[in-house]
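# Observations on the model geometry
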Amino acid sequence: MTQSPLLECSFFIPLCRDANLSDGMLQSIEAWDWLDHEMFFNFDGGTIAPGEYEGFYRDPDTHERVFDKSRKFLVAVQASRLHELRALLAAACVIFGQKCIYLCVAGQVEFVAYELP
Amino acid sequence: MSSPEEYIDLKGKVLSLARLDPDEQGLVRGFMARAEGHPDWNEYRNFWMSTVWDFYSARGLTRRATQQTLPYLIGQDLCSRIGISAGYVRQSDYRDELEQLIRTRFSNRREFCEATGLAEDMLSHVLARRKHLAVDTLAEALARVGYTLHIVPMPRSVSHT
């Protein structure tokens, strides 16, 4: 059986919860443990890039510019399993108190949001 | 206090190291030694996770089984301490544990509220950190779903004791 090609994926998880959607506080131990757990089980852990990533975006609801700091995760994912990574990040939106999460798949950027079932 | 035969995690849970074999004990000692050098949080996470994966995959353990091992739990706990010490992670409180309980044992907040007798509005305020639950209310609600409260020593940030 031919294995589908591996795609380099990266995503950013902010160090703080969204202040508009949630309380703007630092993420909890439980949230990071959950992500480690899921990453380890589903994607062999992946790698976290050194340092923290500062950036800003315009909040679609408040239209204000929001600055944040994030951890950057890198993971190689088979094309056939990309939906699993997107599902994980959709769940991460809830657990990390985010409206959406920046995901880059082989250079193409998308924003993964949680959708009510 | 921890002795060489035990590890006390951030939640105050005592993990006995006595049942680990010598190689596993060496693995844990390696995790502790590295953590005591105050490494970068992300660097340490990559280190402990790849090390524990290499160690147990060589023994034929599945990833799910590896996640149940003490070295996995200790590596993760040490990593949390480093994150807290560096100011990247918040020390959790009962509200984080409530969120985790809801996420892992119930399909949604409504189901949790139905089982515990808590009002959904109140739970929403509590989880958003706008209100607190009275201790007796929380204890009674948790008892209805088979959980209880504990008082545990406050953890030190990086040290494993």
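It should be emphasised that the depicted structure is a prediction, and the values quoted were computed from it without experimental measurement. (Residues numbered from 1 in each chain as written. Chains lettered and ligands numbered in written order. Predicted model: local features only at pLDDT ≥ 70, side-chain atom pairs only at ≥ 80, totals over all residues.)

## Examining the overall build of chain A
Here is the rule: Elements are defined by DSSP. Helices are runs of H or I of four residues or more, strands are runs of E of two residues or more, and each kind is numbered from the N terminus. In this setup the radius of gyration rests on C-alpha atoms only. A globule is expected at 2.2 Å times the number of residues raised to 0.38. Counting other C-beta atoms within 10 Å of a residue's own tells you its class, since 20 or more makes it buried, 12 or fewer makes it exposed, and anything in between is partly exposed; those C-beta atoms are placed from the backbone. C-beta atoms are first placed from the backbone for all residues, and any pair lying within 7 Å is then listed as a contact.
In terms of regular secondary structure, chain A is built from two helices and six strands. In terms of C-alpha radius of gyration, chain A reaches 14 Å, essentially the compact-globule figure of 13 Å for 117 residues. Projected onto its principal axes, the C-alpha positions of chain A cover 50 × 35 × 30 Å. In chain A, which comprises 117 residues, the proportion classed as buried is 29%. Contacts in chain A between residues far apart in sequence, at least 24 positions, make up 60% of those at least 6 positions apart.

## Side note on the pairing of strand S5 (residues 100-105) of chain A
Consecutive residues of a regular strand have side chains that alternate between opposite faces of the sheet. Residues and elements named next belong to chain A. Rule in force here: A strand pair is defined by DSSP finding two or more bridges across the two strands.
As paired elements, strand S1 (residues 6-14) and S5 share three bridges and run antiparallel to each other. Counterpart to Cys 9 in the pairing with S5 is Val 105. For S5 and strand S6 (residues 108-113), the ladder comprises six bridges, and the chain directions are antiparallel. Within S6, the position partnered with Cys 104 by the bridge is Val 109. The turn joining S5 and S6, which pair antiparallel and follow one another in sequence, is formed by two residues; a positive phi near 50 degrees is taken by Ala 106.

## Focus: the pairing of S1(A)
As paired elements, S1(A) and strand S4 (residues 65-78) of chain A share nine bridges and run antiparallel to each other. Its bridge partner lying in S4(A), Pro14(A) is registered against Ser70(A).

## So, the domain arrangement of chain B
Put simply, the rule is: For the purposes of this description, domain bounds are those given by an automatic or database domain assignment.
As far as domains go, chain B holds domain 1 (6-85) and domain 2 (94-144). Here the C-alpha centre of domain 2 of chain B lies 31 Å away from the C-alpha centre of domain 1 of chain B.

## A look at the interface of chain B and chain A
Convention followed: Classes in brief: Ala, Val, Leu, Ile, Met, Phe, Trp, Tyr, Cys and Pro nonpolar; Asp, Glu, Lys and Arg charged; the others, Gly included, polar.
Between chain B and chain A, the residue contacts involve 24 residues of the former and 20 residues of the latter. Contributions of two or more residues to the side of chain B that touches chain A are made by helix H2 (41-57), helix H3 (63-66), helix H4 (70-85) and helix H5 (94-105) of chain B. No other element matches the seven residues that H2(B) contributes to the side of chain B that touches chain A. The residue makeup of the side of chain B that touches chain A, split by class, is six nonpolar, nine polar and nine charged.

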